[in-house]
Amino acid sequence: MNARHIDGNRFKNSFQKPIELTEDQKQEITEAFELFDTNKDGMLDFFELKIALRALGFEYKNNEVITILGNHDQNHKGHIKLEDFKKVAGELVSKRDPIEEFRKAFRLFDESGTGKITVSNLRRIAKELGEQMDEEELNAMIEEFDMDQDGAINEQEFINIMTDNY
């Protein structure tokens with residue numbers, strides 16, 4: 001066989017390790033499936049699949065969801081089973097860029113879009129989570145990670161916290 005007839009991608013892909021997900025990622029995928037399996041039949045239809053993928057942070061157009069469904073619909077009835085959903089979502093989750101995920105999380109804290117997480121942002125998040133934290137605790141959190149001493153956590157400081165680089 002001549003070397004130029006070998007499909008390089010197929011050759012390379014045959015030696016790739018299986019997808020390794022953390023237990024938290026596996027649970028996140030299962031929870032998304034269970035949450036949006038509204039009729040609890042162990043399958044997601046088109047709309048349930050689209051919303052479950054969105055809940056995991058993936059926005060797909062209708063034709064893309066149809067393709068995913070078509071590739072994994074074993075019974076040709078417009079449904080995807082949990083095991084197939086785990087494969088699809090697992091591959092997507094494993095390819096997430098962790099730094100981009102941290103940036104998204106930062107934006108959830110930085111509700112006003114100032115580029116900073118302030119004590120007032122932490123107070124709001126704590127309240128939403130039902131956590132009772134006093135001003136001293138909130139200020140201590142900011143002070144511990146505020147490397148530039150501006151009284152707030154910027155995006156890079158947040159990424160450093162999330163990656164243990166502080």
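Source: prediction; values computed, not measured.

A. Representation of the overall build of the protein within the structure. Secondary structure summary: the protein contains 9 helices and 4 strands in total. Seen in sequence order, the protein has helices and strands lined up from the N terminus as α-α-β-α-α-β-α-α-β-α-α-β-α. Sorting the 166 residues of the protein into buried and exposed places 31% on the buried side. The contacts in the protein between residues at least 6 apart in sequence include a share of 47% that link residues at least 24 apart. Carbon and sulfur atoms make up 52% of the accessible area of the protein, which totals about 11600 Å².

B. Region of interest: the packing of helix H7 (residues 119-128) against helix H8 (residues 135-145). Contact pair H7 / H8: the axes reach a minimum separation of 9 Å and the direction vectors enclose 120°. Relative to H8, the element H7 is oriented oblique. When the axes of H7 and H8 are compared, the crossing they make is right-handed. Between H7 and H8, the residues in contact are Val 119, Leu 122 and Arg 123 and Glu 135, Leu 138, Asn 139, Met 141 and Ile 142, respectively. Of the residues contributing to the contact of H7 with H8, the split by class is 5 nonpolar, 1 polar and 2 charged.

C. Spotlight on helix H5 (residues 82-94). The first and last C-alpha atoms of H5 sit 17 Å apart over 13 residues, in line with the 18 Å expected at 1.5 Å per residue. Among the residues of H5, those classed as buried are Asp 84, Phe 85, Val 88, Ala 89, Gly 90, Leu 92 and Val 93.

D. Spotlight on the packing of aromatic side chains. In the structure shown here, the tally under the stated rule is 4 aromatic pairs. Between the aromatic rings of Phe 109 and Phe 158, the centroid separation amounts to 5.6 Å while the plane-to-plane angle is 55°, which identifies the pairing as tilted. Of the two residues, Phe 109 sits in helix H6 (residues 98-109) while Phe 158 sits in helix H9 (residues 155-162), which places them 49 residues apart along the sequence. Put simply, the rings of Phe 106, Phe 109 and Phe 158 pair up and form one aromatic cluster.

E. Highlighting empty space enclosed by the protein. Applying the stated criterion to the full structure yields 1 cavity of 30 Å³ or more. Considered as a void within the structure, the largest cavity measures approximately 60 Å³ in volume. Taken together, Met 43, His 72, Asp 73, Gln 74, Asn 75, Lys 77, His 79, Ile 80, Lys 81 and Asp 84 make up the lining of the largest cavity. Taken together, the residues of the lining of the largest cavity break down into 2 nonpolar, 4 polar and 4 charged.

F. Representation of the layout of surface pockets within the structure. Looking at the largest pocket, its volume works out to about 250 Å³. Lining the largest pocket are 15 residues, and of these Phe 109, Ile 117, Leu 122, Met 141 and Phe 158 lie nearest its centre. By residue number, the principal contributor to the lining of the largest pocket is H8, which donates 4 residues. Residue classes in the lining of the largest pocket are distributed as 14 nonpolar, no polar and 1 charged.

G. Spotlight on helix H4 (residues 62-72). Looking at H4, one finds that the buried residues are Val 65, Ile 68 and Leu 69. For H4, the arc enclosing every buried residue in end-on projection is 95°, short of the 170-degree limit, so these residues lie on one face. In this structure, H4 carries Asn 63, Ile 66 and Asn 71 as exposed residues pointing more than 90 degrees from its buried face. Those residues of H4 that are buried lie in contact with strand S1 (43-44), helix H3 (46-55), strand S2 (80-81) and H5.

Rules used in this analysis
Per chain, the residues get numbers from 1 upward, laid out in the order the sequence is written. Thresholds applied to this predicted model are a pLDDT of at least 70 for local features of residues and 80 or more for the giving and counting of side-chain atom pairs; totals over whole chains, interfaces and linings are not thresholded and use all residues. Values shown for side chains rest on all heavy atoms present in the structure; no hydrogens or waters enter the calculation. Only DSSP runs of H or I covering at least 4 residues are called helices, and only runs of E covering at least 2 are called strands; the numbering of each starts at the N terminus. Relative accessible area decides the class of each residue, using a 1.4 Å probe on protein chains only: under 20% of the type maximum gives buried, over 50% gives exposed, and in between gives partly exposed. Here, residues are in contact when the closest pair of their heavy atoms is within 4.5 Å. Using a 1.4 Å probe, accessible areas were evaluated by the Shrake-Rupley method; residue-level cover was limited to the displayed protein chains. Angles shown run from 0 to 180 degrees and are taken between the N-to-C directions of axes, each axis being a line fitted to C-alpha atoms and, for helices, limited to the stretch in contact. For classification purposes, angles smaller than 35 degrees are called roughly parallel, those larger than 145 roughly antiparallel, those between 65 and 115 roughly perpendicular, and all remaining angles oblique. Less than a right angle of anticlockwise turn of the near helix away from the far helix marks a crossing as left-handed, whereas a clockwise turn marks it as right-handed. For this classification, Asp, Glu, Lys and Arg are treated as charged, while Ala, Val, Leu, Ile, Met, Phe, Trp, Tyr, Cys and Pro are nonpolar and the rest, including Gly, are polar. Expected helix span is taken as 1.5 Å per residue step, with the number of steps being one fewer than the number of residues. Only Phe, Tyr and Trp rings take part, Trp by its six-membered ring, and two of them pair if their centres are within 6.5 Å. Stacked means planes under 30 degrees apart, edge-to-face means over 60, and tilted covers everything else. The distinction between a cavity and a pocket rests on a 1 Å grid over the protein atoms alone: a 1.4 Å probe fits inside a cavity but cannot get out, while a pocket stays open yet meets protein on both sides within 12 Å along at least five of seven lines, and a residue with an atom within 4 Å of a point counts as lining. Grid points are joined across faces, edges and corners, and a volume is the space filled by probe spheres set on the points. The arc under discussion is defined with respect to the helix axis, by the directions toward the C-beta atoms.

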